[in-house]
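Chains, contacts and geometry: an overview
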Amino acid sequence: MQIDNRVALLQVPVTESKSTNLKTASDYIRKAHDAGAKLTVLPEIWNSPYATSAFGDYAEMLPNVGDKLTEASNEGETSEAADNGWGQSSRLLMTLAKEYNMYIVGGSIPEKCDNKIFNTCLIINPNGEVVGKHRKVHLFDIDVPGGICFKESDTLTAGDGVTHFDVDGLGKIGIGICYDIRFPEFAMLLTQQYDCKILIFPGAFNLTTGPAHWELLQRARAVDGQCYVMTASPARTSPPNDDDETDTKSKYPHYSAWGHSTVVSPWGEVIATCDEDPAMVVTDLDMSKVD
């Protein structure tokens, strides 16, 4: 039975096999439905390795706000969708949102559009319709001496807008992706101008910035905006063992995500979280704490 204020964060493991990633996402979304979640959240870049060299290989054309699959869909593969060139990942999310009568915040996947690649989150309502589409505004370009060097701008183009949508019983919800959480003005725009009661940030912080800032930033944005903040990370996976000849060699650089998908209250308290392993974080939000 679906609970009106229940949410689920899906900390899924990601592989180099897109078909495996799609099946994993499908399995976890079903688990969220079985747990009674009204809204579920996938992590950043859940259908692809988190590597700039992989984004172009895994990028898909995505639908826009207002788009949905036709009634004649067969597992999401309609002639209309095929004509529009929508990829497997978005069709899966639209199909499952309608099948399970739930909101799906689709983490993010690489989107190809006009010879550019964006890091894009789709929000799907229980009718299978796209009600939000957020392109990551602040790209992750970082070089920490002795830590990590990663430059999304080598491949990705930044978005230029804010995204929010409405859910009965939960109110207005704002979306950011990972590095967007570091900018208080971005979050304040969502909470103060658009009256968002919940901010959701799918993110893939790493083992340098994760332990230092992941929880800190969530609690800061929650207190700043007097709102709930929710984050969904990929699960941490082990790097391939280059000394083991039986291991399949990786095509892309390995990225170790911090994990620890979390829900923070408007008081800045962590009310639900997990460690770095594959997990589903389920909690019921008391919206009276916002109002």
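A brief report on the enclosed structure follows. Since this is a predicted model, take the numbers as computed values, not measurements. (Residues numbered from 1 in each chain as written. Predicted model: local features only at pLDDT ≥ 70, side-chain atom pairs only at ≥ 80, totals over all residues. Heavy atoms only, no water.)

Okay, the overall build of the chain next. Each helix and strand in the chain was counted, giving six helices and 15 strands. Computed over C-alpha atoms, the radius of gyration of the chain comes to 18 Å, within 12% of the 19 Å expected from 2.2 N^0.38 for 291 residues, which places it in the range of a compact globule. Its C-alpha atoms give the chain principal-axis dimensions of roughly 55 × 50 × 35 Å. Among the 291 residues that make up the chain, the fraction classed as buried is 54%. Put simply, 70% of the contacts in the chain that link residues at least 6 apart link residues at least 24 apart. Surface exposure of the chain reaches about 12500 Å², of which carbon and sulfur atoms provide 46%. Across the chain, 24 positive and 41 negative side-chain charges occur, with their mean positions spaced 2 Å apart. (Helix = DSSP H or I, 4+ residues; strand = E, 2+ residues; numbered from the N terminus. Rg over C-alpha atoms; globule rule 2.2 N^0.38 Å. Buried < 20%, exposed > 50% of the residue type's maximum accessible area, 1.4 Å probe, protein only. Contact = heavy atoms within 4.5 Å. Areas by Shrake-Rupley, 256 points an atom, 1.4 Å probe, with all protein chains shown as cover. Lys, Arg positive; Asp, Glu negative; His and termini not counted. Charge placed at Lys NZ, Arg CZ, Asp CG, Glu CD.)

We now examine the pattern of salt bridges. Applying the stated criterion to the full structure yields 13 salt bridges. Residue Asp34 pairs with Arg30 through a salt bridge whose shortest N-O separation is 3.5 Å. Here Asp34 pairs with Arg30, and both are found in helix α1 (residues 18-34), just four residues apart, close to one helical turn. For Glu44, the salt bridge goes to Lys136, with nearest N and O atoms at 2.9 Å. In this pair, Glu44 is assigned in the loop between β2 (39-41) and α2 (52-58) and Lys136 in the loop between β6 (130-135) and β7 (141-143), connecting sequence segments 92 residues apart. Looking at Glu44, the relative accessible area reads 0%, which means it is buried. What makes Lys136 buried here is its relative accessible area of 0%. Beyond isolated ion pairs, a larger network of salt bridges with shared partners links Glu44, Lys136 and Glu152. (Salt bridge = Lys/Arg side-chain N within 4 Å of Asp/Glu carboxyl O.)

The next point concerns the pairing of strand β15 (residues 279-284). For a regular strand, the rule is simple: side chains alternate between the two faces of the sheet. Taking every second residue as pointing to the same face, the buried face of β15 carries Ala279, Val281 and Thr283, while none of Met280, Val282 and Asp284 on the other face is buried. As paired elements, strand β1 (residues 6-11) and β15 share six bridges and run antiparallel to each other. By the bridge assignment for β15, Val7 is matched with Thr283. (Pairing = 2+ DSSP bridges.)

Taking 1.5 Å per residue, 17 residues should reach 24 Å; helix α6 (residues 209-225) reaches 23 Å between its end C-alpha atoms and fits that length. If you check which residues of α6 are buried, you get Thr209, Gly210, Trp214, Leu217, Gln218, Arg221, Ala222 and Gly225. (Expected span 1.5 Å × (residues − 1).)

Take the nonpolar core next. Core analysis: the largest hydrophobic core is formed by 44 residues, its most contacted members being Leu39, Val105, Phe165, Ile198, Ile200, Met230 and Leu285. Ignoring sequence-local partners within four residues, the contact set of Phe165 consists of Leu39, Tyr103, Val105, Ile123, Val131, Gly171, Lys172, Ile173 and Ile175. Counting 26 residues, the second-largest nonpolar core is a separate cluster that includes Ala8, Leu10, Val12 and Ala32. (Core = buried A, V, L, I, M, F, W, Y, C linked by side-chain atoms within 4.5 Å.)

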